[in-house]
Amino acid sequence: TEGKREEIPSSLKSWLEQPFTVFHKRGMVEKMETENGEPEFIVNLKKALISQFQHDLSRADSSQGLNQVQATTAGQPLPVFKTEETSVLGKCETVYTISRLPEYLVREFEEKEGQEESSRLCSGKEYFEILKTKNLDKCTERPVYHESYGTWSKTDGTESSSLPSQSSVTKTIICGSLENHIIRKVETENRILSSASGRYESEEKLDITSVSTLNLESVEGIRQEIPSPSSPKECPTLVYEYPSGSLYSSKTLKHEQIQQFNSGVIKGQSKSSYAPIPDMTSAPKHLYPRSESQRDLKQKVVEAFTEIIESSEKMSESSVNEKDAAGLSVVAIRGLGQLSYEELKEVKQTIQSQHGQEKYKSMIQKAFFDLVSIAGTNPCMKLITDEVKSGEMNEEPATWSWILSNSLRSVKTPTKELLEELVELLKHQHIQQNRIIRAAYAMGLTELVNKACINPESQINEFPTKIYGEFCNPEMSVIKENLIPFLSRKLR
């Protein structure tokens, strides 16, 4: 089906039309400069555009005779080689395959394109196809994290896992020689395949594909010099960066992280991370800024939770539930995951006052903390630990053992600060005095430590380490000098 054309708002159009400077060497981009104050998402669009034009052909000559998989009519081999290349997708292994196009494919290409002017520029020249395939499983930098709601992703570290797989292939047609050529067409296909059933293997896949095509229409002489940015901001890398604060912000989470690193506010985090490590009380810094205010967000959570409760009260074995309880749960969970510790307490108090103390204790409290446990942010975990320390869970240990286990499975950012709090909670009397709760919590905590700090596959695949850097490791004092000795004493 054909798409529809939409007008770009004038405020965005002015930024898109702002000139920027690209510094390149032998086909590779070294850095770029944009106008200071330019929204970061506009900068990312320009990075994506430049990524499609760069080609590392420096190894083309030296590769001849090394990886020879094809030969030209003259018997001269054309190369297939690997290199590490930086683009908007990250710094990843990239495989180049270069082919000289035979005459019949050249004619077919020109007939299909129908660009007479650009065709004349290539008259009498040789045509080449450069196929550039990125191996996104082998990246030294790639600030990407997958998170799904309603399904559990499991991975064994192989490509057959239920985690989404992404591919990026760029096909470029040039005319001339590898050293001196004209780019005629660049077509890039990015594709994501994701299992529709979470941890279960299935042939049913969600296929999200985007195709970007750039065609050379004409070549004209310089009429006037394009001005450089009047107040340039340097971008030392083409890798995508996340805006900080609002969608139109010119600051990035990475810039904020570097400032905190240099000032000594955060310790133990790599300077090359793409966002500051979350603390225990602040609202999480979301990778895609939301337009809603925190006040609206709190109200949205309360309304979604109220609808869930009202729907459950009207439900019976014979009734048909018209409310989308699962959808409302996701709305509530995502909202809870964006709130600070103080805001979570406000939401809890609002719900408690709406339904009364007796009703809150009988049903509402457990339903609320079940959703909080799924959200799994550091403020949510702090709210749950407060509830444990208050002794609220002692009356229904079976229900709370599930909530605690679920919260430990759902932890999003297992920071040193969070692990220290969770290990101390293990020693708390309200955990230790009940056998069911003690077993559930100890098993959940040790599994979390193994996944987040010890197992290298789950460290990368189940936590956003590509964005925040390493959260923990087996040599940390909280594990080596606190958790393990405590467990050893209990086993004796």
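What counts, and where the lines are drawn
- Residues numbered from 1 in each chain as written.
- Predicted model: local features only at pLDDT ≥ 70, side-chain atom pairs only at ≥ 80, totals over all residues.
- Heavy atoms only, no water.
- Salt bridge = Lys/Arg side-chain N within 4 Å of Asp/Glu carboxyl O.
- Helix = DSSP H or I, 4+ residues; strand = E, 2+ residues; numbered from the N terminus.
- Buried < 20%, exposed > 50% of the residue type's maximum accessible area, 1.4 Å probe, protein only.
- Contact = heavy atoms within 4.5 Å.
- Phe/Tyr/Trp six-rings, centres within 6.5 Å; stacked < 30°, edge-to-face > 60°.
- Disulfide = S-S within 2.5 Å.

Caption draft 1: Representation of the pattern of salt bridges in the model. Tallying each qualifying case throughout the model produces 23 salt bridges. For Glu396, the salt bridge identified is with Lys366, shortest N-O distance 2.9 Å. Linking Glu396 in the loop between helix 11 (378-390) and helix 12 (397-409) with Lys366 in helix 10 (residues 357-375), this pair joins segments that are 30 residues apart in sequence. Take Glu396: its relative accessible area is 33%, and that puts it in the partly exposed class. A salt bridge links Glu462 to Lys451, with the shortest nitrogen-to-oxygen separation between them at 3.4 Å. Of this pair, Glu462 sits in the loop between helix 16 (456-461) and helix 17 (465-468) while Lys451 is found in helix 15 (residues 435-454), placing the two residues eleven residues apart along the sequence. Relative accessible area serves as the criterion here: at 15%, Lys451 is assigned to the buried category. Put simply, Glu85, Lys132 and Lys134 are held in one network by salt bridges that share partners.

Caption draft 2: How the structure looks around the side chain of Lys46. Following the sequence through the fold, Lys46 ends up in helix 2 (residues 40-53). Residue contacts for Lys46: discarding those within four places in its chain leaves Trp15, Leu16, Gln18, Phe20, Met32 and Glu38.

Caption draft 3: How the structure looks around the packing of aromatic side chains. Enumeration over the complete set of coordinates arrives at eight aromatic pairs. Look at Phe368 and Phe369: their rings are 5.3 Å apart centre to centre, the planes differ by 80°, and that puts the pair in the edge-to-face class. Per residue, the accessibility class of Phe368 equals that of Phe369, and both read buried. Ring centres of Phe369 and Trp400 lie 5.4 Å apart, and the angle between their planes is 50°; on these two criteria the pair is classed as tilted. Pair noted here: Phe369 is in helix 10 and Trp400 is in helix 12, with a separation of 31 residues, a long-range link. Its relative accessible area of 0% is what places Phe369 among the buried residues. Grouping aromatic residues by their ring pairs yields a cluster made of Phe305, Phe368, Phe369 and Trp400.

Caption draft 4: Highlighting the state of the cysteines. Counted by the stated rule, this structure contains three disulfides. Each sulfur in the disulfide pair Cys92 and Cys139 lies 2.0 Å from the other. Judged by the sign of its S-S torsion, about 100°, the bond between Cys92 and Cys139 is right-handed. Taken together, the residues Cys92 in strand 5 (residues 90-100) and Cys139 in strand 6 (residues 127-141) connect sequence positions 47 residues apart. Two residues share a disulfide in this structure: Cys453 and Cys472, whose sulfurs sit 2.0 Å from each other. Across the S-S bond of Cys453 and Cys472 the torsion is about -95°, and the bridge reads as left-handed. In this pair, Cys453 sits in helix 15 while Cys472 sits in the loop between helix 17 and helix 18 (477-491), placing the two residues 19 residues apart along the sequence. Residue class for Cys453 comes out buried when judged on its relative accessible area of 2%.

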